[in-house]
Amino acid sequence: SIVEMESQVHGATMKHITRGKFLANQIPLPPLAEQRRIASILDQADELRQKRQQAIEKLDQLLQATFIEMFGDPVSNPKGWEKETIGNLTTFITSGSRGWAQYYADSGSKFIRIQNLVKGDLDMSDCAYVNAPDSAEAKRTLVQAGDVLVSITADLGRTAVVPNDIGMAHINQHVAILRLTGVNPAFISHYLASVGGKVQFEKLNRSAVKAGLNFNDIRSLEVLLPPQELQNKYVQIVHNIKNHQQQLIHFKKQSDILFSSLQNQAFNGTL
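Being a predicted model, the structure only gives us computed values, none of them experimental. (Residues numbered from 1 in each chain as written. Predicted model: local features only at pLDDT ≥ 70, side-chain atom pairs only at ≥ 80, totals over all residues. Heavy atoms only, no water.)

Caption draft 1: Region of the structure containing the pairing of strand β4 (residues 109-112). Where β4 and strand β7 (residues 128-130) come together, three bridges link them in antiparallel fashion. Within the sheet, the bridge partner assigned to Phe-111 lies in β7 and is Ala-128. Sheet topology note: the β4/strand β10 (residues 169-171) ladder contains three bridges and is parallel. Opposite Ile-112, over in β10, you have Ile-171 as the bridge partner. (Pairing = 2+ DSSP bridges. Helix = DSSP H or I, 4+ residues; strand = E, 2+ residues; numbered from the N terminus.)

Caption draft 2: Spotlight on the side chain of Lys-242. Considering the arrangement of structural elements, one finds Lys-242 in helix α8 (residues 228-268). The class for Lys-242 is buried, based on a relative accessible area of 14%. Every residue in contact with Lys-242, bar those within four places of it in the chain, is listed here: Leu-63, Lys-119, Asp-121 and His-190. (Buried < 20%, exposed > 50% of the residue type's maximum accessible area, 1.4 Å probe, protein only. Contact = heavy atoms within 4.5 Å.)

Caption draft 3: Expanded view of the packing of aromatic side chains. Applying the stated rule across the entire model yields 11 aromatic pairs. Between Trp-100 and Phe-111, the aromatic rings sit 5.7 Å apart at their centres with planes inclined by 10°, giving stacked as the arrangement. Here Phe-111 lies in strand β4 and Trp-100 lies in the loop between β2 (90-95) and β3 (104-105), a separation of 11 residues in the sequence. As far as the burial class goes, Trp-100 and Phe-111 line up, both buried. In this structure an aromatic cluster arises from ring pairing among Phe-67, Phe-71, Trp-81, Phe-187, Tyr-191 and Tyr-234. (Phe/Tyr/Trp six-rings, centres within 6.5 Å; stacked < 30°, edge-to-face > 60°.)

Caption draft 4: Structural context of unusual backbone geometry. Although it is not a glycine, Asn-77 sits at a positive phi angle of roughly 50°. Looking at where Asn-77 falls in the secondary structure, it is placed in the loop between α3 (32-71) and β1 (82-85). Classification of Asn-77 by relative accessible area gives buried; the value is 12%.

Caption draft 5: Spotlight on the pattern of salt bridges. What the rule picks out here adds up to 10 salt bridges. Across the pair Arg-113 and Asp-126 runs a salt bridge, and its minimum N-O distance is 3.4 Å. Residue Arg-113 is found in the loop between β4 and β5 (117-118), and its partner Asp-126 is found in the loop between β6 (121-122) and β7; the two are separated by 13 residues along the sequence. What makes Asp-126 partly exposed here is its relative accessible area of 44%. Across the salt bridge formed by Lys-139 and Asp-134, the nearest N and O atoms sit 3.2 Å from each other. Both residues of the pair, Lys-139 and Asp-134, belong to the exposed class. The structure contains a network of salt bridges with shared partners spanning Asp-46, Arg-49, Lys-252 and Asp-256. (Salt bridge = Lys/Arg side-chain N within 4 Å of Asp/Glu carboxyl O.)

Caption draft 6: Spatial organisation of the confidence of the model for the protein chain. Chain-level statistics for the protein chain give a pLDDT mean of 86 and a share of 89% at 70 or above. Here helix α1 (residues 2-7) stands out as the least confident element of the protein chain, with mean pLDDT 57; strand β11 (residues 175-180) is the most confident, with 96. (pLDDT = per-residue confidence, 0-100.)

Caption draft 7: Geometry of the sheet that holds β4. Ordered by their spatial adjacency, four strands build an open sheet running β3-β7-β4-β10, and the pairing between neighbours is mixed. Either end of the sheet is taken by a strand with one partner, and the two such strands are β3 and β10.

Caption draft 8: Expanded view of the side chain of Asn-184. With respect to the helices, strands and loops of the structure, Asn-184 is situated in the loop between β11 and α5 (185-193). Classification of Asn-184 as buried rests on a relative accessible area of 14%. A distance of 3.0 Å separates a polar atom in the side chain of Asn-184 from the backbone nitrogen of Ala-186. Discounting chain neighbours no more than four positions away, the residues touching Asn-184 are Gln-228, Gln-231, Asn-232 and Val-235. (Polar contact = N/O pair within 3.5 Å; in protein donor to acceptor, adjacent residues only side chain to side chain.)

Caption draft 9: The arrangement of the nonpolar core in detail. Counting residues in hydrophobic clusters, the biggest one holds 37 residues, and the most contacted among them are Leu-178, Ile-188, Leu-192, Ile-218, Val-223 and Tyr-234. Once residues within four sequence positions are removed from consideration, Val-223 is found in contact with Glu-82, Lys-83, Glu-84, Ile-86, Leu-89, Ile-188, Tyr-191 and Leu-192. In this structure, Ile-112, Leu-122, Met-124 and Val-175 belong to the second largest nonpolar core, which totals 14 residues. (Core = buried A, V, L, I, M, F, W, Y, C linked by side-chain atoms within 4.5 Å.)

Caption draft 10: Representation of the layout of surface pockets within the structure. Computed from the structure, the largest pocket encloses a volume of approximately 830 Å³. Along its surface, the largest pocket is lined by 28 residues, and Gly-120, Asp-121, Leu-122, His-239 and Lys-242 are the ones closest to its centre. Broken down by secondary-structure element, the contributors of at least two residues to the lining of the largest pocket are α3, β6, α5 and α8. Top element by residues in the lining of the largest pocket is α8. It accounts for eight residues. Looking at the lining of the largest pocket residue by residue, the classes come out as 14 nonpolar, eight polar and six charged. Its boundaries defined by the atoms lining it, the second largest pocket holds a volume of some 670 Å³. (1 Å grid on protein atoms, 1.4 Å probe; cavity = no way out; pocket = protein on both sides within 12 Å on 5 of 7 lines; lining within 4 Å. Points joined across faces, edges and corners; volume = space filled by probe spheres on them. Nonpolar A, V, L, I, M, F, W, Y, C, P; charged D, E, K, R; others polar.)

Pasting the structure below:
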């Protein structure tokens, strides 16, 4: 068993086991017919896991295909949509404060970091908290529902929209707030996360000495502006697809747990 092998491992920096001890380990060996039965059960459970993972990936592809079908290629803009700069669509742009390590806490206001910006959405499963000071700086970096968040250092161009139920939350220095007017913020977020946005982020990054965007860089970003009713329709489609995807992710996790349980039962002789 793994536990027995671990007890035979030697070495402080690089763990190893001698060939003789490794070959001397015994494993349970049920009759061939029983081995085949167990293998069949595990194969079916593993196939279920793989199919659910494939379905999750296909929904990612569907999201991309839906954007192209509705709006065309975001770089060449074959449908001739109007373009506008982020600077002309924003009423407020800011980034988070430096030096907030002293405010980290086990609870309090949420503290939004780059890793929370995932595929156009805000994922707070890995959530940090701060006891924010009562200062103008804290008020400036406090997010509002509908804000578009963009990563501006390191992994440039990750985006998310602040949901209605966020509560009190601040951004760190690697994230910028875009407070927009006259557009659907979720559409802008997904556009910036599309090829149309990525091309611009990569161009700005190449022209910089180090990875990082300033406010002028952000204001210069161009987005397509199809009619707002079409923006809203796209966002609703995305919402429906992602809800279905979340269900599949939940079922995939359940499949992983089932597969692990079956493995343990198989090698404990209880399957």
